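Observations on chain architecture
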Amino acid sequence: MAKLLGPAEIRDLAELLGLQPTKKLGQNFVIDANTVRRIVKSAAVVSGETVVEVGPGLGSLTLGLLEVGASVVAVEIDKRLAEQLPITVAQLAPDAQLTVLAEDALRVTELPGESSVLVANLPYNVSVPVLLHFLEHFPTVERGLVMVQAEVGERIAAGPGSKVYGSPSVKAAWYGEFSTAGKVSRQVFWPVPNVDSILVRFDRRAQPGTEPERLATFELVDAAFQQRRKMLRQALSVVLGDSAAASARLEAAGIAPTARGEELTVADFLAVARAR
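So, here is what we can say about the structure in this document.

Cut-offs applied
Residues numbered from 1 in each chain as written. Predicted model: local features only at pLDDT ≥ 70, side-chain atom pairs only at ≥ 80, totals over all residues. Heavy atoms only, no water. Pairing = 2+ DSSP bridges. Helix = DSSP H or I, 4+ residues; strand = E, 2+ residues; numbered from the N terminus. Axes fitted to C-alpha atoms, helices over the stretch in contact; angles between N-to-C directions. Contact = heavy atoms within 4.5 Å. Buried < 20%, exposed > 50% of the residue type's maximum accessible area, 1.4 Å probe, protein only. Salt bridge = Lys/Arg side-chain N within 4 Å of Asp/Glu carboxyl O. Phe/Tyr/Trp six-rings, centres within 6.5 Å; stacked < 30°, edge-to-face > 60°. Polar contact = N/O pair within 3.5 Å; in protein donor to acceptor, adjacent residues only side chain to side chain. Core = buried A, V, L, I, M, F, W, Y, C linked by side-chain atoms within 4.5 Å. Parallel < 35°, antiparallel > 145°, perpendicular 65-115°, else oblique. Left-handed = near helix turned anticlockwise from the far one by under 90°.

1. Let's talk about the sheet that holds strand 2 (residues 50–54)
- A sheet is described by the order of its strands in space; here seven strands give the open sequence 4-3-2-5-6-9-7, paired in mixed fashion. Where the open sheet ends on each side, the last strands, each with one partner, are strand 4 (98–101) and strand 7 (176–184). In this sheet, adjacent strand axes meet at a mean angle of 20 degrees when their direction is disregarded.
- Bridge count for strand 6 (residues 143–149) against strand 9 (residues 197–204) is seven bridges, and the pairing is antiparallel. Within the sheet, the bridge partner assigned to Leu145 lies in strand 9 and is Arg201.
- The strands that helix 6 (residues 150–157) touches are strand 6, strand 7 and strand 9; relative to strand 7, the one it contacts most, it runs at about 155 degrees.
- Along the sheet, helix 7 (residues 167–175) makes contact with strand 7 and strand 9, crossing strand 7 at roughly 120 degrees.

2. Looking at the environment of Ala70
- You can see Ala70 is positioned in the loop between helix 3 (60–67) and strand 3 (71–75).
- What makes Ala70 buried here is its relative accessible area of 4%.
- Remark: the alpha-carbon pair of Ala70 and Val188, spanning 118 residues in sequence, is separated by 24 Å.
- Contact partners of Ala70, with chain neighbours within four places excluded, come to Val45, Val46, Ser47, Gly48, Glu49, Val51, Leu65 and Gln97.

3. Side note on the pattern of salt bridges
- Under the defined criterion, the tally for this structure stands at 14 salt bridges.
- Here Arg155 makes a salt bridge to Glu151, at a shortest N to O gap of 3.0 Å. With Arg155 and Glu151 both in helix 6, this residue pair falls four residues apart, about one helical turn.
- Judged by its relative accessible area of 28%, Arg155 is partly exposed.

4. Section: the packing of aromatic side chains
- On inspection of all chains with the given rule, the structure shows seven aromatic pairs.
- The interplanar angle of 80 degrees and the centroid separation of 6.5 Å between the aromatic rings of Tyr175 and Phe218 together place this pair among those described as edge-to-face. Placement of Tyr175 in helix 7 and of Phe218 in helix 8 (residues 211–226) is noted, with a sequence separation of 43 residues between them. For the pair formed by Tyr175 and Phe218, the shared burial category is buried.
- Relative to Phe202, the ring of Phe178 has its centre 5.3 Å away and its plane inclined at 25 degrees; by these criteria the two rings are stacked. Here Phe202 lies in strand 9 and Phe178 lies in strand 7, a separation of 24 residues in the sequence.

5. Looking at the side chain of Ser60
- Relative to the elements of secondary structure, Ser60 occurs in helix 3.
- Look at Ser60 and you get buried, because its relative accessible area is 6%.
- Within the structure, the side chain of Ser60 is placed 2.6 Å from the backbone oxygen of Val30, a separation counted as a polar contact.
- Not counting chain neighbours up to four residues away, the residues in contact with Ser60 comprise Leu5, Ile10, Val30 and Val36.

6. A few points about the nonpolar core
- In this structure, Leu111, Leu118, Leu131, Phe134 and Leu236 are the most contacted members of the largest nonpolar core, which totals 54 residues.
- In this structure, Leu236 is in contact with Leu220, Ala223, Ala224, Ala246, Leu250 and Val272, ignoring residues within four places of it in sequence.
- Among the nonpolar cores identified, the runner-up in size contains 39 residues, and Leu13, Leu17, Ala70 and Val72 belong to it.

7. Observations concerning the environment of Glu110
- Examined against the element boundaries, Glu110 turns out to sit in the loop between strand 4 and strand 5 (117–121).
- A sequence separation of 84 residues divides Glu110 from Asn194, and the C-alpha atoms of the two residues are 34 Å apart.
- Setting aside anything within four residues of it in sequence, one finds Glu110 in contact with Leu101 and Phe138.

8. Some points on unusual backbone geometry
- With an omega dihedral of -10 degrees, the bond running from Trp190 to Pro191 counts as a cis peptide bond.
- In this structure, Ala44 takes a positive phi of about 55 degrees despite not being glycine.
- Considering the arrangement of structural elements, one finds Ala44 in the loop between helix 2 (33–42) and strand 2.

9. Some remarks on the packing of helix 2 against helix 3
- Their axes nearest at 9 Å, the elements helix 2 and helix 3 cross at an angle of 55 degrees. What the angle tells us is that helix 2 and helix 3 run oblique. As for how helix 2 packs across helix 3, the hand of that crossing is right-handed. Between helix 2, through Val36, Arg37, Ile39 and Val40, and helix 3, the contact on the second element is made entirely by Ser60, Leu61, Gly64, Leu65 and Glu67.

Right, here's the structure in full:
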């Protein structure tokens, strides 16, 4: 077993770097080795796989992934952390294969090699945009496990009809199957966040439509959930011209104009986008 980081090592590294975790970057570092191993096991990462990790921070999860023999491509926006990570890994897992990109995950459009798995403790403030960005830009990522704020994770994995079903649920479903994989105690983080976390697992499937159709579908999804209490003939009138045009398009797609966004699957939204 590799040496993983515990509370003392995390605080020592933070002190070495003069690091005060910031809310702006969503920095909450995992300090519990058992939680790290649970995440790696839940993600079913095996030796020889290339894993992309977003926001590795001080390296807790990175070391857990390297421990099972995976190669890791880590994307870290904080330059101090990006520079320290290879040093930490060299000390604790000298034979490991690690590549660090000191970049904003939302701007990355190329990765070295072909990562087949995404495993990350995603910063709370940008978790959904980062997840959707990686699914859009890196089709080689076939599956993954991300840790996000519990409320956000439940929304991503929700199905039609659920109270928490919304825009993130539909957009995620465009790319694959999503499900929750267990809560994570807030006590395993430093600093302790004021929200609970949850693991979300996904498996990619073939996208249901073309790129122009995805853009058209996502525009409808945004409109539907910006006014989720309204019937779709009203909510979609902003995008489709007026209420009559929206009603005609919905009927052409086999959807009742009086339905609401939370009732529609991603396939339903795509049918509306395709209807003319």
